[in-house]
Each structure stands twice: as structure tokens, then as C-alpha cells.
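Here is what each chain is made of, one letter per residue.
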Amino acid sequence: MTRAMGAAMRRIHVGNALSAFGLGFTVPYLYVYVAQVRGLGAMTAGFVLAVFAVAALIVLPFAGRAIVRRGPLPVLLTALVTAAIGALSLGLAGSGPSVLAAAALLGAGQAVMQPALATLIVDCSTADTRSRAFATQFFLQNLGLGVGGLIGGHLVDTTKVSSFTVLFAIEATMFLLLAAVMATVRIPHSPRFADTPASSSAKGSWKQLLGNRAMVQLSVLGFVLFFACYGQFESGLSAYGVEAAGISTSALGTALAANTLMIVVAQFAVLRFVERRRRSRVIAGVGLVWAVAWVVAGYAGLGHGSQEMATAAFVSTYALFGLGEAMLSPTVAPLVADLAPEGMAGQYNSAFALVKQLALAVGPAVGGPMGASLHAPYVVTFLLFSLGISVLAVRLGKRLTDVQDRPWLAARSRVVARGGAAAESVSA
């Protein structure tokens, strides 16, 4: 990595942490704010949460083409300003329509940030450094969300609307601060894999993307990953914990904290373990780790042990999910980038973000009712989904080139090439 790329990457990581810190202030309290503090009721609060998903699904198909045509930085700056306006408007909104409009702006801005930031990371990294760059991004996101949520919880007062207005103002400020930091980034050109075909034009071609069989398989795998894990965290799995395992709300908070803590503590130790292993095998390992997590969850709700054991098992479930997430962060996002032809990283990142949003929309709708009432079928279903991740990952590995599955080979081939050139010059 050149000095310019390193400087750009540091700014990207600082900005990433700032945005996550701002989101942490408001995300855990959004439902309470709309339903209780503003007095708009549970139905409106539910609509607000749905608007976030709908806004993302609407804008993401266009975000990829915008990134390809305009570059990731202008798109990111536009998304940040949009999100800042949405956050501030949400803190000031007092009626149902104004709350929904503000949520749409905030949701659209947040959705576009993801592929734009991912594309910036691709542009400022090489095959050697990309896994570590995405792992650092994931680490800072979770650290920022955790710290922001912790501080926000001490600032918020459900009897005072003004305290929530302050939270949303802080979130808007973080987005604008990130925009200021990112405006100073100078994007260097990063090298691509030699066996990745170049795009014939700057247009984001969905037809070309759908013709990439490896990317299609990775998208299917990504849907199952997000559906079986992230789509269950705050819906089916929490409902299962409360209804089947008798978990208290405080214990549920502890479980979520254990998930974040596992990621923060384990991320770089896990990175050293997975950096020199096939990406497809690492993803298959995630499926096995999550299968164990669902077995532990089954014990928590169906094992008829003491309440203390059930709580410990439930907290361990979330921690195991965190371990799997730490394995995914240096694996899946870099693979999306490495499958993209030259100039198409924005399109591919946006497509994968769209798959993620679809999974996050479907996951709670399916898992929520099952987790609340069909306890044993719920655990068995998602245990099978986790094992399915392993199967899909192994099949994906057969589609990948050696360099895509083992990115360190690219660095080794460059070293050998340089050594050969040096030897030729010496012999000459």
C-alpha cells in the first residue's frame, strides 16, 4: 500500500467510526421515541422502521450506477448530507407524516453510505490489505455503535422530548463531520487482480452482474447469511429468548452487549487466523459456528435447565454469532470487491447491499412469529439454514479462481515477478 492510500484509508476509518458513533445514539431508541415520547403509537413506530427498509430498497438499485458514473466520494457526500437532514428532521418532527418523511431521508442516506464506503475502501486498498481494511471497518463500526448506544442511554430521558432532539442533533452532526473528513480524501488508483476482466464501459450493468455466476452464488449465500443471523437478532431470536427461555429484558441487553464485545475483542485475533485461509472455507466455518450457536439457543429455551443456565446459554448464543461475524468481515466484503470487473465495484457493492436489505426485511417477518410461538421449529429451521451456509460456501469455492479464494497468491505472484525481473537484469 502506498503512503497516499494509507492516508486515505485512515480518514475513511475515522469517518466510519464517527458515523457508527452517531447511529449508536439513536438506533436503540427509535421505537420508543416515535411510539411513546412523541405519542404517535406503536403502529406509526412500526411504519417508521419499515420506511427505513423500503427507502433502502428503492435507492440501492440506483446507487451502484451513480457510484460507477460519478465515483464513490460524491455519492457518499450526498448520502451523508441527506442522512444529516433526515436525522435532524426526525428529532424535530412531531406528526406522523413528518416523522415518516424524515425516516425516509435518513434511511436512504444510511443505505447509500454502505456501498459508497465499501467502494472507497476497495479503491484505497490492495489485494494484500483489503481483508484487514474491511475487518478494521467492521471493528470500528461495532465499537462506535456500542459506545454511542452506551452514552446515548445515559443522555436520553423518555419524559423529555428535548433529550431525544439532542440525540438526533448529535447524529446529524456526526454525519456532517464525516462529510467534512471525507471531503479531504484523495482517492489513489488501486491495482486489480490480473485475472479479473475489465468492464467495457463505466455504466453499471445489471445484466453483466447477473451473468457473473460466482457473484450470483455469493449473493444467494449473502441472503442466507443475513437472513439467518442479522435478520434474527432483534426479532425472532429476542422473541424466542423472552418467550421460550424466559430471558429478562436486561439479560437481552447483556446478550447484545456480549455480541458486540466478542467482535471488538476477537476481530484482529480472528483476522490473523483467516488471512491465509481460503475464503470459501472460512465462510463454511461461519455456518458451523452459527449452527453451534443455534444448538446452544435450543438448550436455552428447550433444555429445561435452571434460569441461570438458560440465561448463560442465551448470552453465549449471541457471543457465538459475534465470533462468526468477526470471521465474515475480512472475507465476504473483500470477495465482493474482487469479483467486480474494473470500474464496477460500486455496482457490485450496491447489489450486495440490496441483497442484505432484502434479507433484513424478510428475516424478522419470518423469524419473529416463529420465535415467539413455534420454539422448536424455529431453532431447527435456522440450524438448518446455518448448515446450508456451509454447503453454499463450499459450492461457491468451486466457482472462484485461485486468487479470488486465496488473495495472498496475488501478492506472492507479484513478488515472484519482481524477483524474476531483478534476476534477468542482473544476468544481463
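Residues numbered from 1 in each chain as written. Predicted model: local features only at pLDDT ≥ 70, side-chain atom pairs only at ≥ 80, totals over all residues. Heavy atoms only, no water.

Topic: the overall build of the protein
The condition is simple: The helix count covers DSSP runs of H or I at least four residues long, the strand count covers runs of E at least two residues long, and both are numbered beginning at the N terminus. The buried label applies to any residue whose accessible area, calculated with a 1.4 Å probe on protein chains only, is under 20% of its type's maximum; exposed applies above 50%, and partly exposed to all values in between. In this description, contact between two residues means that some pair of their heavy atoms is separated by no more than 4.5 Å.
Across its full length, the protein carries 18 helices and zero strands. Across the 428 residues in the protein, those meeting the buried criterion constitute 52%. Excluding contacts between residues fewer than 6 apart, the proportion of contacts in the protein whose partners are at least 24 apart in sequence is 86%.

Structural notes on the packing of aromatic side chains
Let me state the cut-off plainly: Pairing of aromatic rings covers Phe, Tyr and Trp, the last through its six-membered ring, and needs centres within 6.5 Å; plane angles under 30 degrees mean stacked, over 60 mean edge-to-face, and all others mean tilted. Criterion for a charge above a ring: Lys NZ or Arg CZ within 6 Å of the ring centre, and within 35 degrees of the ring normal.
One pass over the full model with this rule turns up 16 aromatic pairs. Ring centres of Trp294 and Tyr378 lie 5.4 Å apart, and the angle between their planes is 85°; this geometry places the pair in the edge-to-face category. Taken together, the positions of Trp294 in helix H12 (residues 279-302) and Tyr378 in helix H16 (residues 375-397) put the pair 84 residues apart, joining distant regions of the chain. For the pair formed by Trp294 and Tyr378, the shared burial category is buried. Taken together, the aromatic side chains of Phe223, Phe227, Tyr240, Trp290, Trp294, Phe321, Tyr378, Phe382 and Phe385 make up a single cluster linked through ring pairs. The aromatic ring of Phe273 is capped on one face by Arg277, whose charged end is 4.0 Å from the ring centroid. Its end group placed over the ring of Tyr230, Lys356 keeps NZ or CZ at 6.0 Å from the ring centre.

Side note on the pattern of salt bridges
Any two side chains of opposite charge can pair, so long as their charged atoms come close to each other. As a reminder of what qualifies: Only one rule defines a salt bridge in this text: a Lys or Arg side-chain nitrogen within 4 Å of an Asp or Glu carboxyl oxygen.
As enumerated under the stated definition, the model contains five salt bridges in all. Note that Arg130 is salt-bridged to Asp338, the shortest N-O span being 2.5 Å. Note that Arg130 is positioned in helix H6 (residues 130-155) and Asp338 in helix H14 (residues 332-339), a separation of 208 residues in sequence. Summarising the burial analysis for this pair, Arg130 and Asp338 share the class buried.

Focus: the nonpolar core
In summary, soluble globular proteins display a tendency toward joint burial of nonpolar side chains. Selection rule: To define a nonpolar core, start from buried Ala, Val, Leu, Ile, Met, Phe, Trp, Tyr and Cys residues and group those joined through side-chain atoms within 4.5 Å.
Within the largest apolar cluster, 113 residues are counted, with the highest numbers of intra-cluster contacts made by Phe175, Leu218, Trp290 and Phe314. The greatest single-element share of this core, amounting to 12 residues, is contributed by helix H5 (residues 96-123). Core analysis: the second largest hydrophobic core is formed by five residues, Ala56, Leu60, Ala111 and Leu354 among them.

A closer look at H5
The criterion, for reference: In this scheme, a helix's expected span is set at 1.5 Å multiplied by one less than its residue total.
Compared with the 40 Å implied by 1.5 Å per residue over 28 residues, the 41 Å span of H5 between its first and last C-alpha is a close match. Counting buried residues in H5 gives 20 out of 28 residues, a clear majority hidden from the surface.

Here we look at the side chain of Thr119
Test applied: Nitrogen and oxygen atoms within 3.5 Å of one another constitute a polar contact, given that in protein one can donate a hydrogen and the other can accept it, and given that sequence-neighbouring residues count only through two side-chain atoms.
Inspection of the secondary structure puts Thr119 in helix H5. Residue Thr119 is classed as buried on the basis of its relative accessible area of 4%. Among the polar contacts made by the side chain of Thr119, one reaches the main-chain carbonyl oxygen of Pro115 at a distance of 2.7 Å. Each residue touching Thr119, except ones within four places of it in the same chain, is listed here: Ile67, Pro72, Ala345, Gly346 and Asn349.

Notes on the side chain of Ser131
Topologically, Ser131 is positioned in helix H6. With relative accessibility at 10%, the residue Ser131 sits in the buried group. With sequence-adjacent residues up to four places away left out, Ser131 is seen in contact with Leu271, Arg279, Pro330 and Pro334.

A short note on the confidence of the model for the protein
Counted only if it meets this: Every residue gets a pLDDT, meaning the predictor's confidence in that residue, from 0 to 100.
In the predicted model, the protein carries a mean pLDDT of 83, and the fraction of residues at 70 or more is 90%. Taken element by element, the protein is modelled with least confidence in helix H18 (residues 408-427), mean pLDDT 51, and with most confidence in H16, mean pLDDT 94. Low pLDDT (under 50) marks residues 190-204, which in the prediction has 42 contacts with non-local residues, meaning those over four places away or in another chain. Counted against residues more than four places away or in other chains, residues 415-428, with its pLDDT under 50, gives zero contacts.

Topic: the packing of helix H3 (residues 41-70) against helix H15 (residues 345-373)
Packed helices, taken two at a time, are described by the angle their axes make and the gap between the axes. Let me state the cut-off plainly: Angular values range over 0 to 180 degrees, each being the angle between N-to-C directions of two axes fitted as lines to C-alpha atoms, with helices fitted over their stretch in contact. Roughly parallel refers to an angle under 35 degrees, roughly antiparallel to one over 145, roughly perpendicular to one between 65 and 115, and oblique to any angle outside these ranges. By the convention adopted, Pro, Cys, Tyr, Trp, Phe, Met, Ile, Leu, Val and Ala count as nonpolar, Lys, Arg, Asp and Glu as charged, and the other residues, Gly among them, as polar.
Where H3 contacts H15, the two axes come as close as 7 Å, and the packing angle between them is 170°. As judged from the angle between their axes, H3 and H15 are roughly antiparallel. Across the interface between the two elements, Ala53, Ala56, Leu57, Leu60, Pro61, Ala63, Gly64, Arg65, Ile67 and Val68 of H3 pack against Gly346, Gln347, Ser350, Ala353, Leu354, Gln357 and Leu358 of H15. The residue makeup of the contact of H3 with H15, split by class, is 11 nonpolar, five polar and one charged.

Digging into empty space enclosed by the protein
Test applied: Points on a 1 Å grid, built from protein atoms alone, make a cavity when a 1.4 Å probe fits but cannot get out and make a pocket when they are open with protein on both sides within 12 Å along at least 5 of 7 lines; residues with an atom within 4 Å of a point are the lining residues. Grid points are joined across faces, edges and corners, and a volume is the space filled by probe spheres set on the points.
Evaluated as defined, the whole model comprises one cavity of 30 Å³ or more. What lines the largest cavity is Ser131, Val274, Glu275, Arg277, Arg279, Pro330, Thr331, Pro407 and Trp408. Tallied by class, residues from the lining of the largest cavity come to four nonpolar, two polar and three charged.

A word on a positive patch on the surface
Applicable threshold: Only residues whose relative accessible area exceeds 30% and that form no salt bridge enter a patch; like-charged residues are grouped when within 9 Å of one another, and nonpolar side chains (Val, Leu, Ile, Met, Phe, Trp, Tyr) when within 5 Å. Computed with a 1.4 Å probe, the accessible areas rest on the Shrake-Rupley method; for each residue, only the protein chains presented here act as cover. By the counting rule applied here, Lys and Arg register as positive and Asp and Glu as negative, while His and the ends of each chain are not counted. Charged groups are reduced to one reference atom each: NZ for lysine, CZ for arginine, CG for aspartic acid, CD for glutamic acid.
Taken together, the side chains of Arg213, Arg395, Lys398 and Arg399 make up a positively charged region of the molecular surface. Within the fold, Arg213 resides in helix H9 (residues 213-228).

Some words on the environment of Ala361
Within the secondary structure layout, Ala361 lies in helix H15. Here Ala361 falls in the partly exposed class, since its relative accessible area comes to 32%.

Re helix H7 (residues 161-182)
An α-helical turn contains 3.6 residues, so any two residues separated by three or four positions project in the same direction. Taking 1.5 Å per residue, 22 residues should reach 32 Å; H7 reaches 32 Å between its end C-alpha atoms and fits that length. Looking at H7, one finds that the buried residues are Ser163, Phe164, Leu167, Phe168, Glu171, Ala172, Met174, Phe175, Leu178, Ala179, Val181 and Met182.

What to know about the packing of H12 against helix H13 (residues 307-328)
Here H12 crosses H13 at 170°, and the two axes come no closer than 8 Å. With respect to H13, the element H12 is oriented roughly antiparallel. Of the residues that constitute the contact of H12 with H13, the class distribution is 21 nonpolar, four polar and one charged.

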